[in-house]
Amino acid sequence: MALLEVKDLRTSFRTEDGIVKAVDGVTFSVEKGQTLGIVGESGSGKSVTCLTIMGLNSRKSAISSGEALWKGKNLLTAKPSELRGIRGDEMSMIFQDPMTSLNPVHTIGKQLVEAVQLHRDVTTRVARARALELLKAVGIPKAQERIDDYPHQFSGGMRQRVMIAMALINDPDLLIADEPTTALDVTTQAQILALMKRLQEEFGSAIIMITHDLGVVAETADEVIVMYAAEVVEQANVNDLFNRPQHPYTWGLMGSLPRLEIDTDRLVQIPGQPPSLLRPPKGCRFHPRCPYVMNVCRTEDPPLVPSERDPAHLQACHLDQDTKDREATKLIEVTMAGAG
Amino acid sequence: MFRYLVRRILWAILLFLIITFVTFVIFFMAPNDPARAQCGGEQARRACLVLVTEKLGLDKPVTTQYAVFINKLLPITPYYDDAWHVVPHFQQPTLGTQYATGASLDDTIKQAAPVTASLVFGGAVLWMIIGLSVGIFSALRPRSLIDRAAMVFVLIGVSAHPVWIGLIFSYFFGVKWHIFPIANYANFFGAPADSGLPGGPAQWAYHMILPWLTFAILFAALYVRMIRANVMETLGEDYVRTARAKGAPEKRVLFSHVLRNALLPVVTMLGMDIAVGLGGAIFTEGVYQLPGLGRTIIVSLQAEDLATIQAVVVFATISILVFNLIVDLLYAWVDPRIRLS
């Protein structure tokens with residue numbers, strides 16, 4: 001049995017302008033110890049997917065349906081108290097902005113101890129020892145002295161390390177990382193990613209890595225989901241995705257990666273804007289921006305189905321297989337030529 | 001922390017000097033002759049005027065008069081002995097005497113200050129109770145019936161003047177229904193034995209209920225609105241989501257993570273508003289005939305009694321400065337970002 005199985009997950013938000021479908025029929029599963037990458041632009045629904053699984057959406061405005069089976073138990077219908085027991089213990093989450101994710105009026109030691117004591121009936125002294133152990137594990141220098149410092153005394157990268165320590169302190173089975181490196185500078189990004197990789201081996205947790213950065217995915221993920229406008233457009237093993245991308249949106253993402261080797265004045269981008277989720281376009285949601293658009297794309301939403309070449313590689317595009325193969329090969333050749 | 005303390009105290013002293021000097025100069029320039037007041041007003045004799053002017057030092061420059069005034073306020077002053085050595089001189093600080101009667105202004109303040117303190121601090125407790133309970137509840141249930149009712153209360157509270165509220169309360173609770181007394185003050189520690197006045201804590205609170213309500217409504221309304229906004233904003237903070245992601249129950253999220261942060265600015269506001277409230281106390285004391293500082297000021301203004309007004313102003317200044325100092329220190333204590341920077 002998969003650790004987490006998400007089936008046809010849908011989340012909408014009531015807003016003053018109408019109902020926004022932020023997640024529209026997402027299905028995936030995470031195995032024990034595996035890393036799943038979820039890639040997509042801002043507003044594509046990747047964060048909301050995970051917040052829904054964690055039960056962290058605003059209760060008043062969010063409506064969810066579908067299933068999120070955690071070890072066989074549906075989290076969407078679980079009681080709040082059950083969900084609280086799982087959150088932070090079996091399943092934990094780290095967030096995009098470490099500068100604002102820690103409570104400014106409590107010492108980090110207190111916040112870590114709280115995370116332990118919410119789930120374990122241990123003395124503060126035991127919890128503190130555990131906190132110290134984790135701070136050392138995430139590489140906080142002089143952890144012994146710094147445990148009683150306040151968040152504002154730490155840099156962004158160090159705060160994200162503290163967040164990771166807090167997420168891992170109860171040895172969770174799944175860690176959801178919502179753009180954990182987006183707010184950090186490039187060298188710190190690399191350190192944090194390396195740290196997460198090392199800790200994953202140490203703790204054996206599965207990870208859901210939400211990111212808009214294909215580089216992060218390539219470095220960390222085993223399996224990748226590409227989301228566009230609240231839907232999954234492609235899902236594959238990380239090697240397959242990078243070697244044989246099947247969806248024009250994925251091509252656009254890969255084509256727009258800036259390359260050091262190619263001398264150019266302009267960055268490549270996907271033309272147009274992501275659609276409004278209040279009134280998503282008819283047919284394929286990517287068709288207004290797709291250079292390969294056909295008539296059928298404007299009327300029929302392509303289902304997420306296995307590609308003709310590889311049943312494990314899911315994609316949602318009306319293009320015929322030959323065109324996809326040709327375009328993918330072209331893209332890879334350009335990339336390779338650049339790299340070579 | 002120590003350096004922070006020293007810096008705040010030095011600021012307070014500087015502010016005190018500036019404010020008292022400005023007050024002093026204003027009264028110096030007022031077209032009113034204290035000597036004439038002491039010599040019996042319009043019928044004053046010339047010999048008396050000359051004598052009193054010299055005794056009070058009214059012929060000296062304003063800076064000298066100010067220095068003398070400040071000197072009398074200090075519990076310890078430098079003093080030169082016969083050999084011109086500086087020796088410390090201990091004295092009883094005093095605000096001086098009333099020109100017309102020679103009555104001690106220290107006694108005036110001593111009698112009036114507890115009344116105003118009762119009104120202002122009791123009122124502050126009341127407005128904090130209302131502000132916290134209604135504000136937090138409204139923030140947790142926005143757009144609910146209670147929230148809407150609270151917003152109507154806020155609108156009325158910030159729009160209605162204390163004098164009007166006081167009159168309405170007096171009319172209904174006092175004149176019409178005979179529930180609460182509408183005038184006078186009962187001493188908390190008991191009235192003088194043969195005065196026949198009410199005294200003791202119960203009578204004190206009984207006499208203060210309407211003044212407290214009248215005084216507190218404006219601030220209660222402002223605090224409901226402020227606390228509601230702060231709590232709602234804090235509820236959306238990332239660290240609140242982090243607390244929930246840790247598996248913290250809602251009650252813990254609210255008390256340990258939301259309120260601790262949302263109420264930080266309230267601590268500062270409370271300090272400033274108690275000072276502002278001293279000004280508002282004038283109206284409430286007027287309506288309920290409480291013999292506090294506000295009423296003392298009104299009476300002295302009508303009698304052109306400059307010395308008393310000046311004493312009240314100086315006393316209020318010192319109180320506000322000391323109070324703000326306490327609030328600053330309290331704030332540093334609750335907010336680590338200030339304490340450690």
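Note that the structure is a prediction, hence the values are computed from the model and not measured.

A. The arrangement of the overall build of chain B in detail. When its secondary structure is counted, chain B shows 14 helices and two strands. Per-residue burial for chain B yields a buried fraction of 32% across its 341 residues. Considering only intrachain contacts with a sequence separation of at least 6, the fraction spanning at least 24 residues in chain B is 67%.

B. The arrangement of the pairing of strand β10 (residues 231-237) of chain A in detail. Residue and element names in this part refer to chain A. With respect to burial, β10 is a largely interior element, six of its seven residues being buried. In textbook terms, the turn of a hairpin is the stretch between consecutive antiparallel strands, and for strand β9 (residues 223-228) and β10 this stretch comprises two residues, one of which, A229, has a positive phi near 50°. Pairing geometry for β10 and strand β12 (residues 314-315), over two bridges, is antiparallel. When the sheet's bridge partners are listed, E234 is paired in β12 with Q315.

C. Spatial organisation of the domain arrangement of chain A. Residues and elements named next belong to chain A. Under the domain assignment used here, chain A contains domain 1 (4-225) and domain 2 (245-339). Once you take the C-alpha centre of each, domain 1 and domain 2 turn out to be 29 Å apart. It is strand β2 (residues 18-30) that contributes the most residues to the side of domain 1 that touches domain 2, four residues altogether.

D. Geometry of unusual backbone geometry. Residue and element names in this part refer to chain A. In this structure, D171 takes a positive phi of about 55° despite not being glycine. Turning to its location among the elements, D171 is positioned in the loop between α6 (156-168) and β7 (174-178). In this structure, A230 is a non-glycine residue whose phi angle is positive, near 75°. Checked against the element boundaries, A230 lands in the loop between β9 and β10.

E. Representation of the pairing of strand β1 (residues 4-15) of chain A in the model. Residue and element names in this part refer to chain A. Sheet topology note: the β1/strand β4 (residues 62-70) ladder contains eight bridges and is antiparallel. Within β4, the residue paired with F13 across the bridge is A62. Both β1 and β2 contribute to a ladder of ten bridges, which runs antiparallel. Across the sheet, residue L4 finds its bridge partner in β2, namely V30. Hairpin remark: β1 followed by β2, antiparallel, with two residues in the connecting loop.

F. Focus on the interface of chain A and chain B. Contact residues are listed per partner, giving 24 residues for chain A and 18 residues for chain B. Listing elements by their share of the side of chain A that touches chain B, those giving two or more residues are α2 (80-86), β6 (91-94) and α3 (108-117) of chain A.

G. Quick peek at the sheet that holds strand β5 (residues 73-74) of chain A. Strand order across the open sheet formed by four strands is β2-β1-β4-β5 (chain A), with antiparallel pairing between neighbours. Two strands in the sheet have a free side with no partner beyond their single neighbour: β2 and β5 of chain A.

H. Geometry of the domain arrangement of chain B. Residue and element names in this part refer to chain B. Domain assignment breaks chain B into domain 1 (2-90) and domain 2 (105-339). For domain 1 and domain 2, the distance between their C-alpha centres works out to 34 Å. Contact residues are listed per partner, giving 14 residues for domain 1 and 13 residues for domain 2. If you tally residues by element for the side of domain 1 that touches domain 2, the top one is helix α1 (residues 2-29), at eleven residues. Residue composition of the side of domain 1 that touches domain 2, by class: ten nonpolar, three polar and one charged.

I. View of α6 of chain A. All names here are of chain A. The end-to-end C-alpha separation of α6 is 18 Å, in line with the 18 Å expected for 13 residues at 1.5 Å each. Burial of α6 is extensive: twelve of the 13 residues sit out of reach of the surface. Where α6 is concerned, the buried positions are G157, M158, R159, Q160, R161, V162, M163, I164, A165, M166, A167 and L168. Packing partners of the buried residues in α6 comprise β6, α3, α4 (124-137), β7 and α7 (186-203).

J. Structural context of the nonpolar core. Judged by nonpolar contacts, the single largest core of 92 residues is most densely connected at M54, L112, A165, I169, L174, A177 and I208 of chain A. With eight residues, α6 of chain A is the single largest residue contributor to this core. Residue contacts for A177 of chain A: discarding those within four places in its chain leaves I94, M196, I207, I208, M209 and I210 of chain A. The next biggest cluster of nonpolar side chains, apart from the first, holds 61 residues, and it includes I130, F169, A307 and V314 of chain B.

K. Structural detail: the confidence of the model for chain B. Residues and elements named next belong to chain B. Taken residue by residue, chain B gives an average pLDDT of 86. The fraction at 70 or more is 98%. Confidence scores differ between elements of chain B, with helix α2 (residues 34-38) showing the lowest mean pLDDT of 75 and helix α9 (residues 238-245) the highest of 94. In the model output, the complex is listed with pTM 0.82 alongside ipTM 0.89.

L. Here's a closer look at the environment of Q43 of chain B. The residue Q43 of chain B is located in the loop between α2 and α3 (46-56) in this model. For the pair Q43 of chain B and I129 of chain B, spaced 86 residues apart in the sequence, the C-alpha separation amounts to 56 Å.

M. Examining the packing of helix α5 (residues 105-140) of chain B against helix α13 (residues 306-334) of chain B more closely. Residue and element names in this part refer to chain B. Closest axis-to-axis distance for the α5/α13 pair is 10 Å, and the angle between their directions is 55°. Comparing the axis directions of α5 and α13 gives the class oblique. Where α5 crosses over α13, the handedness of that crossing is right-handed. Together, L105, T108, I109 and A113 of α5 and A307, T308, A311 and F315 of α13 make up the contact between the two elements. A class-by-class count of the residues in the contact of α5 with α13 yields six nonpolar, two polar and no charged.

N. α13 of chain B, seen in detail. Residues and elements named next belong to chain B. For α13, with 29 residues, the first-to-last C-alpha span of 42 Å sits near the 42 Å given by 1.5 Å per residue. All of the buried residues along α13 are L306, A307, T308, I309, Q310, A311, V312, V314, F315, A316, I320 and D328. The inward-facing, buried residues of α13 abut α1, α2, α5, α11 (264-288) and α12 (293-302).

O. Molecular detail of the sheet that holds β6 of chain A. Residue and element names in this part refer to chain A. Taken together, eight strands build an open sheet; the order of strands is β6-β7-β8-β3-β9-β10-β12-β11 and the sheet is mixed. At either end of the open sheet lies a strand with only one pairing partner, and these are β6 and β11 (305-306). Pairing of strand β3 (residues 35-39) with strand β8 (residues 206-211) involves five bridges; the strand directions are parallel. Bridged to T35 within β8 is I207.

Procedures and definitions
Residues numbered from 1 in each chain as written. Chains lettered and ligands numbered in written order. Predicted model: local features only at pLDDT ≥ 70, side-chain atom pairs only at ≥ 80, totals over all residues. Helix = DSSP H or I, 4+ residues; strand = E, 2+ residues; numbered from the N terminus. Buried ≥ 20, exposed ≤ 12 C-beta atoms within 10 Å, placed from the backbone. Contact = placed C-beta atoms within 7 Å. Pairing = 2+ DSSP bridges. Domains from an automatic or database assignment. Nonpolar A, V, L, I, M, F, W, Y, C, P; charged D, E, K, R; others polar. Expected span 1.5 Å × (residues − 1). Core = buried A, V, L, I, M, F, W, Y, C linked by C-beta atoms within 7 Å. pLDDT = per-residue confidence, 0-100. Axes fitted to C-alpha atoms, helices over the stretch in contact; angles between N-to-C directions. Parallel < 35°, antiparallel > 145°, perpendicular 65-115°, else oblique. Left-handed = near helix turned anticlockwise from the far one by under 90°.

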